[in-house]
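One-letter residues, chain by chain:
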Amino acid sequence: MLQPSDIPLFHGDESAQESKQWMETLVASTGSFSDAGIFRLLTTKFPLDSSAREWYDNLDEILKEKWTTFELQFRSRWIAEAQRRADENARWDAFKGHSLDTDVIFGKGVIHQSAIKDWVQEHLTRGKATKRDDSVLIETTQHLLPPFIIAYLS
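In what follows, the accompanying structure is described. Because the structure is a prediction, the values reported are computed rather than measured.

### A word on the environment of Arg-75
Thinking step 1. Among the secondary structure elements, Arg-75 is positioned in helix H4 (residues 67-96).
Thinking step 2. Classification of Arg-75 by relative accessible area gives partly exposed; the value is 29%.
Thinking step 3. Sequence spacing of Arg-75 and Met-23 is 52 residues, and the spatial spacing of their C-alpha atoms is 8.3 Å.
Thinking step 4. What Arg-75 contacts, discounting residues up to four positions off in sequence, is Lys-20, Met-23 and Ala-80.

### A few points about the side chain of Ser-19
Thinking step 1. Relative to the elements of secondary structure, Ser-19 occurs in helix H1 (residues 16-29).
Thinking step 2. Exposure remark for Ser-19: the relative accessible area of 1% places this residue in the buried category.
Thinking step 3. Among residues more than four places away in sequence, those in contact with Ser-19 are Phe-10, Glu-14, Phe-74, Trp-78 and Ile-79.

### Points about the packing of aromatic side chains
Thinking step 1. Enumeration over the complete set of coordinates arrives at 14 aromatic pairs.
Thinking step 2. Ring geometry for Phe-46 and Tyr-56: centres 5.4 Å apart, planes at 50 degrees, overall tilted. With a gap of 10 residues between them, Phe-46 in the loop between helix H2 (35-45) and helix H3 (51-58) and Tyr-56 in helix H3 connect regions that are remote in the sequence. The pair formed by Phe-46 and Tyr-56 is uniform in burial state, with each residue classed as buried.
Thinking step 3. For the pair Phe-70 and Phe-74, a centre-to-centre distance of 6.4 Å together with 40 degrees between the ring planes defines the contact as tilted. Of this pair, Phe-70 and Phe-74 both sit in helix H4, four residues apart, roughly one helical turn.
Thinking step 4. Classification of Phe-70 by relative accessible area gives buried; the value is 0%.
Thinking step 5. One aromatic cluster in this structure is built from Phe-10, Trp-22, Phe-39, Phe-46, Trp-55, Tyr-56, Trp-67, Phe-70, Phe-74 and Trp-78.
Thinking step 6. Stacked on the ring of Tyr-56, the Lys or Arg Lys-64 has its end atom at 4.3 Å from the ring centre.
Thinking step 7. In this structure, Arg-77 is placed above the aromatic ring of Trp-78, and the distance from its NZ or CZ to the ring centre is 4.0 Å.

Rules used throughout
Here the residue numbers are simple positions, counted from 1 along each chain's written sequence. It should be noted that, the model being predicted, local features are given only for residues of pLDDT at least 70 and side-chain atom pairs only at 80 or more, the latter also being counted only at that level, while totals for whole chains, interfaces and linings use all residues. The basis for every side-chain value is the complete set of non-hydrogen atoms in the structure, without hydrogens or water. Every helix listed is a DSSP run of H or I at least four residues long, and every strand listed is a run of E at least two residues long, numbered separately from the N terminus. The buried label goes to any residue with under 20% of its type's maximum accessible area, the exposed label to any with over 50%, and the partly exposed label to all in between, with areas taken from a 1.4 Å probe on protein chains only. Residue contacts follow a heavy-atom distance rule, with two residues in contact if any of their heavy atoms lie within 4.5 Å. Centre distance within 6.5 Å is the pairing criterion for rings of Phe, Tyr and Trp, where only the six-membered ring of Trp is used; planes under 30 degrees apart are then read as stacked, over 60 as edge-to-face, and the remainder as tilted. Sitting over a ring, as applied to charges here, requires NZ of Lys or CZ of Arg to be within 6 Å of the ring centre and within 35 degrees of the ring normal.

Okay, structure coming up:
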């Protein structure tokens, strides 16, 4: 059986998988602990200068009274949020690697979206005028992306 000393520090910058593994280690190491005992242990596992500690310190006290309530909060904040960020980054990377060839995009059934047609035409025009490739244009105009593009490519 794992011991509390086997639980590494949790900083808050871990990936979704690392956060999940940390939680599983915590659960396996504290099976016989009371809720209060788990919370006392947690204060030693979140370093003082970490985002995890800041989150824990600012969490409503009522959420720190019952382990099951706290666990849901932790999973939502550190596991689900990390996964959402990873998914967003993967979609953005996929988009950056995607050619802005109008035939490719419109051939996938997006032609009825006039906003994307205008956006693609703008990128193609800028690309020809500046002799820069699409990846540079995408990077410099990320904030202009229509929201449905990322959802479409995911």
